[in-house]
Amino acid sequence: MHQQRIQRVREQLQDRGSAAFFSFSPADNEYLTGFRGTTSAVIIAAREALFLCDFRYIEQAKIQVKDYEIEQITGTFETRVGERLAALGVGEAVFEPTTLTVYQLETLRKAFEGTVESDHGIVGRARERKSEEELARLRAASHLAEQAMLDLVAELKPGMQEQEFAAMLEYEFKRRGATGASFPSIVLFGAHSSLPHGVPGTKRLEDGDIVLLDLGCVHQSYCSDLTRTFVFGTIPPAWFEEIYNVTLSAQQAALRAVRPGASCKDVDNVAREMIREAGFGDYFGHGLGHGVGLEIHESPRLNMQSEAVLEAGMVVTVEPGIYLPGRGGVRIEDLVFVTPSGCEVVTQSSKELKVLSA
C-alpha cells in the first residue's frame, strides 16, 4: 500500500519536473509511511524514499515503517532534511504549503541551495479518495462515537454542566477503544447553542434547553464527526421547531445532491438556498461541510467558494445549521461516503426531533 503511495508521489514529481518531495506533516507522513507519531520527516525522490526521526521514535518507526530507508537524526529536522536534499543532488524540491511554517522553510533553505516550491495537493489530492481500508476505519470511528453519544444522552440530568458532559463523552470514547476525540467536543445548552463553534462551559442544563452535540473520535488513526440537536424536557417555543425542520429539510436535500461529478459549491447551494428561502439565510454563515480522514478537516470543502468536484471514494460531512443569537441554534451533521452511484450516509442515528427525558 505505501509503496503505491510513494509511486503516486513520484509520478506527480515527474509530471511537474521536480526531483523530490519533502514533508514534516504528521498526517501526510502517516499516510505515506504508516508511522503514527508527532515528529518525523519524509523525503521521496526518483530512487530514494527516506524516513527521518529522532531517538524518541526510532524503535516505533522500525516496527511501523516499511519501504523506506529509516534514519535516526539529531538536531533540527528542517536542517537535516535540507542536508539530505543537498546530498541527493536535488535541483528542485516541493512541499505541501498548508503544512509548512515560514520558519521551517527558512531553516531548510539555509541547508539546501536548490529551488523549493509549493505544490498544493501533491499528497492531499491522493488523500481525498479513500481506500476500502480507510473507509472501514472511518466507519468504525463514526459508529463508536455515535453509539457513545446515544448511550450518554440518556444520562443527561438537570444541573449537569456543558463541560462535564463533554468530559464524559471524551472519556467514553477512550473507554471504548478510541485514541481520543477528533476535536474538542462541542456541548452547548440553551441559548449557547447559537454559537456554531461554542466552547463548553459552566452552563447548567435546565428543562426546555436545546442540547447541541458536535463530536467525533479518532479510531485506528481515522476521525469521525457528527452533530445532533436535541431538546431537554420541554420543547422550546414554535420558533425552534421551525428552524429545526428547515435545517433537517436542507440537510436531506443536500444529501440527495451528493454524488460523483457534483460540484461542492452546488451541493452547498442546495442547502443554503432552502435556508435562505425560509428566511434564515443570514443565520447560516459557515460552509456546508468538509472532508474527513486522518485529520478532522481535509479537502474537499463544501462551501460557496469551493472549486472542487466530488468523486467516488471521497468522505465529507453535510452539516447545515441555523443560529439565532441569544435564542439558540440547530445543526444536523452526518458523515457521508461518496459512492459510484451517489452516497452512503454513515451516521445512523435518527434526525427526527427528540425530546430527552428530564
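Before reading further, recall that the structure is shown in the block above.
The sections below set out a description of the structure shown in this document.

Definitions and cut-offs
- Throughout, residues of each chain are indexed from 1 in the direction in which the sequence is written.
- Thresholds applied to this predicted model are a pLDDT of at least 70 for local features of residues and 80 or more for the giving and counting of side-chain atom pairs; totals over whole chains, interfaces and linings are not thresholded and use all residues.
- Remark: hydrogens and water are excluded; side-chain values derive from all non-hydrogen atoms of the structure.
- Strands pair, by our definition, only if DSSP identifies at least two bridges between them.
- What counts as a helix is a DSSP run of H or I of at least four residues, what counts as a strand is a run of E of at least two, and both are numbered from the N terminus.
- Axis lines are fitted through C-alpha atoms, for helices just across the contact stretch, and the angle between N-to-C directions can take any value from 0 to 180 degrees.
- Note on definitions: a residue-residue contact is assigned when non-hydrogen atoms from the two residues lie within 4.5 Å.
- Each residue is assigned to one of three classes by its accessible area relative to the maximum for its type, calculated with a 1.4 Å probe on protein chains only: buried under 20%, partly exposed between the two thresholds, exposed over 50%.
- Criterion for a salt bridge: a side-chain nitrogen of Lys or Arg within 4 Å of a carboxyl oxygen of Asp or Glu.
- Throughout this description, a polar contact denotes any pair of N or O atoms lying within 3.5 Å of each other; where both atoms belong to protein, one of them has to be capable of donating a hydrogen while the other can accept it, and for residues adjacent in sequence the pair is counted only when both atoms sit in side chains.
- Put simply, a disulfide is two cysteine sulfurs that come within 2.5 Å.
- Only buried residues count toward a nonpolar core. Its members are Ala, Val, Leu, Ile, Met, Phe, Trp, Tyr and Cys residues joined through side-chain atoms within 4.5 Å.

### Concerning the sheet that holds strand β5 (residues 92-95)
Consideration 1: A sheet is described by the order of its strands in space; here 6 strands give the open sequence β4-β3-β2-β1-β5-β6, paired in mixed fashion. Sheet topology places β4 (69-72) and β6 (115-118) at the edges, where each strand pairs with a single neighbour. Adjacent strand axes in the sheet meet at a mean angle of 25° when their direction is disregarded.
Consideration 2: With 4 bridges connecting them, strand β3 (residues 49-53) and β4 associate as parallel partners. Each bridged residue has a counterpart across the sheet, and for phenylalanine 51 the counterpart in β4 is isoleucine 70.
Consideration 3: Against the sheet, helix α4 (residues 77-87) contacts β1 (20-23), β2 (41-45), β3, β4 and β5, and its axis sits at roughly 155° relative to β3.

### Quick look at the pairing of strand β8 (residues 186-189)
Consideration 1: Burial along β8 is two-sided: the residues Ile186 and Leu188 and Val187 and Phe189 are all buried.
Consideration 2: Of the pairings in the sheet, the one linking β8 to strand β9 (residues 210-215) comprises 4 bridges and is antiparallel in character. Among the inter-strand pairings, phenylalanine 189 is bridged to a residue of β9, identified as valine 211.

### A short note on the pattern of salt bridges
Consideration 1: The final tally for this structure, using the stated rule, is 28 salt bridges.
Consideration 2: For glutamate 83, the salt bridge identified is with arginine 84, shortest N-O distance 3.5 Å.
Consideration 3: Taking relative accessible area as the criterion, glutamate 83 reaches 31% and is therefore assigned partly exposed.
Consideration 4: Residue class for arginine 84 comes out buried when judged on its relative accessible area of 18%.
Consideration 5: Note that glutamate 273 and arginine 276 form a salt bridge whose closest N and O atoms lie 2.0 Å from each other.

### A word on the side chain of arginine 228
Consideration 1: By the secondary structure assignment, arginine 228 is in strand β12 (residues 226-232).
Consideration 2: A polar contact of 2.9 Å, which involves the side chain of arginine 228, links it to the backbone oxygen of glutamate 333.

### Thoughts on the state of the cysteines
Consideration 1: The tally for this structure, following the rule as stated, stands at 0 disulfides.
Consideration 2: There is no disulfide at cysteine 217, and the cysteine sulfur nearest it, in cysteine 223, is 8.5 Å away.
Consideration 3: Among the cysteines around cysteine 264, which has no disulfide bond, cysteine 343 carries the closest sulfur, lying 13 Å off.
Consideration 4: Take cysteine 264: its relative accessible area is 0%, and that puts it in the buried class.

### Remarks on α4
Consideration 1: Taken across its 11 residues, α4 has 8 buried, putting it largely inside the fold.
Consideration 2: Residues of α4 that are buried: Phe77, Glu78, Thr79, Arg80, Val81, Gly82, Arg84 and Leu85.
Consideration 3: Of the surrounding secondary structure, the elements contacted by the buried residues of α4 are β1, β2, β3, β4, β5 and α5 (102-111).
Consideration 4: Looking one or two residues past α4, glycine 89 carries a phi angle of roughly 70°, positive in sign.

### As for the side chain of glutamine 12
Consideration 1: The topology assignment puts glutamine 12 in helix α1 (residues 2-16).
Consideration 2: When neighbours within four sequence positions are excluded, glutamine 12 is seen to be in contact with Gly121, Ile122 and Arg125.

### Quick notes on the environment of alanine 111
Consideration 1: As for its position among the elements, alanine 111 is in helix α5.
Consideration 2: Residues alanine 111 and alanine 86 lie 25 residues apart in sequence; the distance between their C-alpha atoms is 7.5 Å.
Consideration 3: Residue contacts for alanine 111: discarding those within four places in its chain leaves Thr79, Gly82, Glu83 and Ala86.

### As for the pairing of strand β18 (residues 334-339)
Consideration 1: In terms of residue burial, β18 counts as a mostly covered element, since 6 of its 6 residues are buried.
Consideration 2: Here β18 shows a buried face lined by Asp334, Val336 and Val338 and a second buried face lined by Leu335, Phe337 and Thr339.
Consideration 3: Where β18 and strand β19 (residues 342-345) come together, 4 bridges link them in antiparallel fashion. Bridge pairing in β19 places threonine 339 opposite glycine 342.
Consideration 4: Counting the residues in the hairpin turn of β18 and β19 gives 2 residues.

### Overview of the nonpolar core
Consideration 1: Among the nonpolar cores identified, the biggest contains 35 residues, and Phe21, Leu32, Phe51 and Tyr68 are the most heavily contacted of them.
Consideration 2: In this view, phenylalanine 21 contacts Val9, Leu13, Leu32, Val42, Ile43, Ile44, Val94, Phe95, Glu96, Ile122 and Val123; residues no more than four positions away in its chain are not counted.
Consideration 3: Residues Phe240, Ile243, Ala262 and Ile322 belong to the second largest nonpolar core, which totals 32 residues.

Such coordinate-based values are descriptive only and should not be taken to indicate function.
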